[in-house]
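# Commentary on secondary and tertiary structure
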Amino acid sequence: MISLSHFPESTGAKKKCARSGNSICPTLCYDVPAFSNKGEPFLSPPMVCIYGLLRWLHIAVNSPPLFFHAALCGVAESTGSGKTIGGGVGSNDVLIVGAGPTGLVLALWLAKQGVKIRIIDKTAEPGTTSRALAVHARTLELYGQLGLSEAVVKCGHKTPAANMWVKGRKAARISFDSIGMGITPFPFLHIFPQDEHERFLISRLQEVGVTVERSTELLSFVDEGEGGLIRALLRKEGKEEPCAAKYIAGCDGARSLVRKSMGLDFTGGTYLHLFYVADVQATGPTIDGELHVDLDEADFLAVFPLAGEGRARLIGTVRDERADRPESLTFEDISNRAIQNLKVSVDRVNWFSTYHVHHRVAEHFRKGRSFLLGDAAHIHSPAGGQG
């Protein structure tokens, strides 16, 4: 469990959460809606890291609670360092490294608060494969504060229920409506493939005047310490250039250079299972816009709906001798179970991939003026779609 106790306490006046009575930072002007069984406020990753960074920025500038917006709207004027940023292009409050969903959402949050940001990514273009799918209710609630939730829901696919299959027959149907109604305005599992999700966030970021700098790689950085700056060295389109900012946010994935530069451990391990994913065009009783899970065998197998007629994703695990040769595993090697147990008739395979899943968490999410977010901070099984 990751609670807000991982982050420094604010010196400003506190606001009480309506649900728990816990004190929370007034800067963000919203209550944390979910709590652990110990009463500790928490958010699902990757949003907990974004929340923590925003909250700590408020603490760092020590803005008066009367001017609750000043923490993010006026970071540049409120740091008290009296320093002029030099040694780079422009003046940046936050350098965001990595333009996946976490980095893009962080950029949107900060840009809308008037914080000067620079967001870079070493890839030449956004991803073109679907990769992560699920967007949970808490993320949609958070998107609502940015005015994005309605558009995201329209772009993706609402999954109203999960179905459990045993011995080739549907044994149970679990409605998400009955679970979440009255708790959240989004009582469903929302499917929004990552490539589409990223393009959506990029377009919204452009609307507020921020462009992702592509083919731009972080080579190194130094934190000058209290009263100082982050001094970074970038490689942009083959040419090295210096960059200075008040903070750096590492949204650069599991192999994060920001995390390594911070000298933080990333302890954990690797699951024995070999995961596979296949985006298919198919027909059958499980291609109905709902989630279907096969419970017959120890290995995991599920059919996730995608937007569009007959589109679905198969996700499963392999633990037998096939797992020892992932480089040669094909869809034909694993398709029989889906065909027999879940009655899937596959017309076309659009994408097939295998991968191992790791579970790791960084020693800290912040060190000085450096922060870790998303996969740079924690990675785990995709089961549950929690980030």
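The following refers to the structure shown. (Residues numbered from 1 in each chain as written. Predicted model: local features only at pLDDT ≥ 70, side-chain atom pairs only at ≥ 80, totals over all residues. Heavy atoms only, no water.)

## Quick word on the pattern of salt bridges
Stated precisely, the cut-off is as follows: Throughout this description, the term salt bridge denotes a Lys or Arg side-chain nitrogen within 4 Å of a carboxyl oxygen of Asp or Glu. For helices the rule is a DSSP run of H or I covering at least 4 residues; for strands it is a run of E covering at least 2, with both sets numbered from the N terminus onward. For each residue, the accessible area found with a 1.4 Å probe, counting protein chains only, is set against the maximum for its type, and the residue is called buried under 20%, exposed over 50%, and partly exposed in between.
All told, the structure shown has 14 salt bridges when counted by the stated rule. Here R214 ties to D121 by a salt bridge, and the two come within 3.6 Å at their closest N and O atoms. On the criterion of sequence distance, the pair formed by R214 in the loop between α8 (194-207) and β10 (216-223) and D121 in the loop between β4 (117-120) and β5 (134-135) is long-range, its members being 93 residues apart. Summarising the burial analysis for this pair, R214 and D121 share the class buried. Residue E150 is joined to K154 by a salt bridge in which the shortest nitrogen-to-oxygen separation is 3.5 Å. Of this pair, E150 and K154 both sit in helix α6 (residues 149-155), 4 residues apart, which is roughly one turn of that helix. Residue E150 is classed as exposed on the basis of its relative accessible area, which comes to 55%.

## Re the environment of L106
As for its position among the elements, L106 is in helix α4 (residues 101-112). Taking the relative accessible area as the measure of exposure, L106 reaches 0% and is therefore buried. As a C-alpha pair, L106 and L373 span 267 residues in sequence and 9.2 Å in three-dimensional space.

## So, the sheet that holds strand β14 (residues 291-294)
Hydrogen bonds along the backbone pair up the strands of a sheet, which may run parallel or antiparallel. Applied cut-off: The rule for pairing is simple: two strands pair if DSSP sees at least two bridges between them. Working rule for contacts: check all heavy atoms of both residues, and any pair within 4.5 Å makes them a contact. All axes are obtained by fitting lines to C-alpha atoms, using only the stretch in contact for helices, and the reported angles, taken between N-to-C directions, cover 0 to 180 degrees.
Read across the open sheet, the 8 strands follow the order β8-β7-β14-β15-β16-β13-β17-β20; overall the sheet is mixed. Each edge of the sheet is formed by a strand with only one pairing partner; in this case those strands are β8 (169-175) and β20 (378-379). Across the sheet, helix α10 (residues 331-341) is in contact with β7 (161-166), β13 (266-283), β14, β15 (301-305), β16 (311-318) and β17 (345-362); its angle to β17 comes to roughly 105°.

## Quick look at unusual backbone geometry
With a phi angle near 55°, K167 is a residue other than glycine that sits in the positive phi range. Among the structural elements, K167 can be located in the loop between β7 and β8. Looking at K167, the relative accessible area reads 73%, which means it is exposed. In this structure, S215 takes a positive phi of about 55° despite not being glycine. Inspection of the secondary structure assignment puts S215 in the loop between α8 and β10. On the basis of relative accessible area, S215 is assigned to the partly exposed category, the value being 29%.

## What about the environment of R235?
Residue placement: R235 occurs in strand β11 (residues 230-236). Assessed through its relative accessible area of 32%, R235 is described here as partly exposed. Excluding residues within four positions of it along the chain, R235 makes contact with S215, T216, E217, L219 and E240.

## Examining the packing of aromatic side chains
As a reminder of what qualifies: Two rings from Phe, Tyr or Trp (for Trp, the six-membered ring) form a pair when their centres are within 6.5 Å of each other. A pair whose planes differ by under 30 degrees is stacked, one over 60 is edge-to-face, and the rest are tilted. Definition used: whenever NZ (Lys) or CZ (Arg) falls within 6 Å of the ring centre and also within 35 degrees of the ring normal, the charge is taken to sit over that ring.
This structure, assessed with the given rule, holds 6 aromatic pairs. Centre to centre, the rings of Y247 and F371 are 6.3 Å apart; their planes meet at 55°, and the pair counts as tilted. One end of the pair, Y247, is in strand β12 (residues 239-250); the other, F371, is in strand β19 (residues 370-372), with 124 residues separating them in the sequence. Considered together, Y247 and F371 belong to a single accessibility category, that of buried residues. Aromatic ring contacts, followed pair by pair, group Y276, F331 and F352 into a single cluster. The positively charged end of R259 is found above the aromatic ring belonging to F266, 3.7 Å away from the centroid. Over the ring of Y247 we find R369, and its NZ or CZ is 5.1 Å from the ring centre.

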